[in-house]
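Listed below are the residues making up each chain.
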Amino acid sequence: MQQISDITPLRELRRTWQIEGKTIAFVPTMGNLHEGHLHLVKQAKQHADVVVVSIFVNPLQFGPDEDLDEYPRTLENDKSSLASLGVDLLFTPKAEDIYSRGLEQQTFVEVPGLSYMICGASRPGHFRGVATIVCKLFNMVQPNMAFFGEKDFQQLQVIKAMVTDLSMNLQIHGVPTVRDPDGFALSSRNQYLTKENRVIAPTLYQCLQDMVENIQLGRRDFSVLVSQAKERLVNSGFKMDYIEIRSVDTLLSPGHEDSELVILAAAFLGKTRLIDNIQVNLKS
């Protein structure tokens, strides 16, 4: 596995692959890799000749009270994990190259609508930071396809919209969430949980599953289902951010014609913010 930090040799290598007719899959990450990230890499390897993974902790998507400085950097362990999977290239750009004029002067990319709701309402500017860095990385790597986890469902929809709106020539693949045996979604931030909180944490996904079961049994009183789930989670020790039932395609409140729904939730356990989602097909 090669490791490159500068854009010029990355582009030279990209041209070589292009001349050789190789397809390129890209998995952008912020490092501190877990099995969820590695599953994305495995999926990428099944679809392309070459797999590129990036590790860059993006300051533009962290709010002023969020954990940028505390975010774990585990580069050596990450390199070992990626090499064992046969990744072709690890791209580790430096912040001064990514944002050469500084964050205050950075040109940014923003997807209207999708970026302002749900998580975007709780974390203003977050999805602008995500869209900007992903757009920049796509321009640098120029992949044929890119892979993202469905755990960050709203992020995935923002990126799909950006790719469509900016006429980018690549495919976006969403990969189902990887979970522990108790259903808890894997995340880099899970390591912040105390042992006591880790025992409680699977209740979040259990609530979403129960909501799906009720919807599939015919309940359409979505506001009541949401209120009941919030009450259960608060009683279990969570501090709620939101639970929302939305249309998969638009992330707007579902209308009568919408059959593909997604339930999205965010809540705090201690200082750790957890997110999760589950999709439900009303026709199934």
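Note that the structure is a prediction, hence the values are computed from the model and not measured.

This part takes up the sheet that holds strand β5 (residues 145-149). Ordered in space as β1-β4-β3-β2-β5-β6, the six strands form an open sheet in which the pairing is parallel. Across the chains shown, the open sheet's two edge strands, defined by having one partner strand only, are β1 (2-4) and β6 (171-175). Adjacent strand axes in the sheet meet at a mean angle of 25 degrees when their direction is disregarded. With two bridges connecting them, strand β2 (residues 24-29) and β5 associate as parallel partners. Following the sheet pairing, Phe26 is matched in β5 by Ala146. Of the strands in this sheet, β5 and β6 are in contact with helix α7 (residues 153-165), which crosses β6 at around 170 degrees.

Here we take up unusual backbone geometry. The phi dihedral of Ile118 falls on the positive side, at around 50 degrees, and the residue is not glycine. In this structure Ile118 comes out as buried when scored by relative accessible area, which is 7%.

Attention now moves to the packing of aromatic side chains. By the definition in use, this model includes four aromatic pairs. Here Phe26 and Phe138 contribute two aromatic rings whose centre-to-centre distance is 6.3 Å and whose plane-to-plane angle is 70 degrees, an arrangement assigned as edge-to-face. Of this pair, Phe26 sits in strand β2 while Phe138 sits in helix α6 (residues 126-141); the two residues are 112 residues apart in sequence, bridging distant segments of the chain. Here Phe26 and Phe138 have matching classes, each one buried. Judged by centre distance (6.0 Å) and plane angle (80 degrees), the rings of Phe62 and Tyr71 are edge-to-face. In terms of burial, Phe62 and Tyr71 fall into one category: buried. Grouping aromatic residues by their ring pairs yields a cluster made of Phe26, Phe138 and Phe148. For the cation-ring pair, Arg128 lies above Phe108, with the distance from its terminal atom to the ring centre recorded as 4.2 Å.

Our focus in this paragraph is the sheet that holds strand β8 (residues 260-269). Taken together, three strands build an open sheet; the order of strands is β7-β8-β9 and the sheet is antiparallel. Sheet topology places β7 (239-247) and β9 (272-281) at the edges, where each strand pairs with a single neighbour. Recorded for the sheet is a direction-independent mean angle of 10 degrees between the axes of neighbouring strands. Of the pairings in the sheet, the one linking β7 to β8 comprises eight bridges and is antiparallel in character. Each residue of the ladder has a partner; that of Met240, found in β8, is Ala267. On top of the sheet, helix α10 (residues 222-236) reaches β7 and β8; it is set at about 155 degrees to β7, its chief contact.

Tallied over the full model, the rule gives twelve salt bridges. The closest approach of N and O atoms between Arg179 and Asp276, which form a salt bridge, is 2.9 Å. Note that Arg179 is positioned in the loop between β6 and α8 (195-200) and Asp276 in strand β9, a separation of 97 residues in sequence. Of the residues examined, Arg179 reaches a relative accessible area of 23% and is grouped as partly exposed. Classification of Asp276 by relative accessible area gives buried; the value is 4%. Taking the shortest distance from any N to any O, the salt bridge between Asp182 and Arg198 comes out at 3.0 Å.

Core analysis: the largest hydrophobic core is formed by 49 residues, its most contacted members being Val52, Phe138, Met162 and Ile172. If you list the elements that add at least two residues to this core, you get α1 (7-19), β2, β3 (50-55), β4 (89-91), α6, β5, α7 and β8. By residue number, the principal contributor to this core is α6, which donates ten residues. For Val52, the contacting residues outside a window of four places in its chain are Trp17, Ile24, Ala25, Phe26, Val27, Leu89, Phe91 and Val141. Ranked by size, the runner-up nonpolar core spans 26 residues in total, among them Leu225, Ile245, Leu261 and Ile263.

Conventions we followed
Along each chain, residue indices are assigned from 1 in the same order as the chain's sequence is written. Only residues with pLDDT of 70 or above have their local features reported here, since the model is predicted, and side-chain atom pairs are shown and tallied only from 80 upward, although totals for entire chains, interfaces and linings are computed over all residues. Side-chain numbers here rest on the full set of heavy atoms in the structure, without hydrogens or water. Two strands qualify as a pair provided DSSP detects at least 2 bridges between them. Secondary structure elements are defined from DSSP: runs of H or I of at least 4 residues count as helices, runs of E of at least 2 residues count as strands, and each element is numbered from the N terminus. To get an axis, a line is fitted to the C-alpha atoms, and for a helix only the part in contact is used. The angle between two axes follows their N-to-C directions and goes from 0 to 180 degrees. Working rule for contacts: check all heavy atoms of both residues, and any pair within 4.5 Å makes them a contact. Each residue is placed in one exposure class: buried if its accessible area under a 1.4 Å probe, protein chains only, is under 20% of its type's maximum, exposed if it is over 50%, and partly exposed if it falls in between. Side-chain rings of Phe, Tyr and Trp, where Trp is taken by its six-membered ring, are said to pair if the distance between their centres is within 6.5 Å; with planes under 30 degrees apart they count as stacked, over 60 as edge-to-face, and otherwise as tilted. Placement of a charge over a ring requires the Lys NZ or Arg CZ to be within 6 Å of the ring centre, with the centre-to-atom vector within 35 degrees of the ring normal. Only one rule defines a salt bridge in this text: a Lys or Arg side-chain nitrogen within 4 Å of an Asp or Glu carboxyl oxygen. Among buried residues, those of type Ala, Val, Leu, Ile, Met, Phe, Trp, Tyr and Cys that are joined through side-chain atoms within 4.5 Å constitute a nonpolar core.

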